[in-house]
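The residues making up each chain are set out below.
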Amino acid sequence: MTQLAVTVIGPDRPGIIADVTEALAQVGVNLEDSTMTLLRGHFAMMIVCTGPFAPVKEALEPLRGELVITVREMGPETAHAPLGAPYLLSVHGADRPGIVSAVTRMIASVGGTVTDLTTRLSGELYVLTAEVEIPPTAELPMLLRALEITAEELGVGVTLHPAESDDL
């Protein structure tokens, strides 16, 4: 069995998740990690799973056309060694280009990493929420100040606070 990455994108309709996962189950695929969401009326799914490459592609073939589906083999799994403490980052304000890049650049500048990020636009309000890891060597007060300055330049609000660990 091979570890695979499967992506599915297309106009939303009832039953997409059931159709895709049923096709995968019929060829013995085990779903390991997944994320599924609606983005502006379009369904988006990313799955990491274990199964046979050619049969997976074949099983999903009937769903192509209405959905854009990709299947690719992944390299060996690498465990994510946490860089440091988990934090929750929140940004909200008027929508404009550059918010994600500016804020994530500040996290990266101290050696931090983003482990999950979601954005939503509701009318004129833009909301970004992210889970980030900040290494213990980072100067947290300096990062907070840099985020505040960046947020002020962008005309948005920003918060960064410690998160509970979700170790399973």
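Quick caveat: nothing in here was measured; it's all calculated off a predicted structure.

Draft legend 1. Spatial organisation of the sheet that holds strand S8 (residues 156–162). Strand order in this open sheet of 4 strands is S6-S7-S5-S8, and the pairing throughout is antiparallel. Sheet topology places strand S6 (113–122) and S8 at the edges, where each strand pairs with a single neighbour. Strand-to-strand twist of the sheet, defined as the mean angle between neighbouring strand axes without regard to direction, takes the value 10 degrees. By the bridge criterion, 10 bridges tie strand S5 (residues 85–94) to strand S7 (residues 125–134) in an arrangement that is antiparallel. Among the inter-strand pairings, Val 91 is bridged to a residue of S7, identified as Leu 128. The sheet strands contacting helix H4 (residues 140–154) are S5, S7 and S8, and the helix crosses S8 at an angle near 160 degrees.

Draft legend 2. A look at helix H3 (residues 99–109). Those residues of H3 that sit buried are Ile 99, Val 103, Met 106 and Ile 107. Along the long axis of H3, the arc covered by the buried residues comes to 100 degrees, so they all point the same way. Residues Arg 105 and Ser 109 are exposed on H3 and point more than 90 degrees away from its buried face. For H3, the elements touching its buried residues are S5, S6, S7, H4 and S8. Of the residues trailing H3, Gly 111 is marked for its positive phi of about 85 degrees.

Parameters at a glance
Residues numbered from 1 in each chain as written. Predicted model: local features only at pLDDT ≥ 70, side-chain atom pairs only at ≥ 80, totals over all residues. Heavy atoms only, no water. Pairing = 2+ DSSP bridges. Helix = DSSP H or I, 4+ residues; strand = E, 2+ residues; numbered from the N terminus. Axes fitted to C-alpha atoms, helices over the stretch in contact; angles between N-to-C directions. Contact = heavy atoms within 4.5 Å. Buried < 20%, exposed > 50% of the residue type's maximum accessible area, 1.4 Å probe, protein only. Arc of directions from axis to C-beta.

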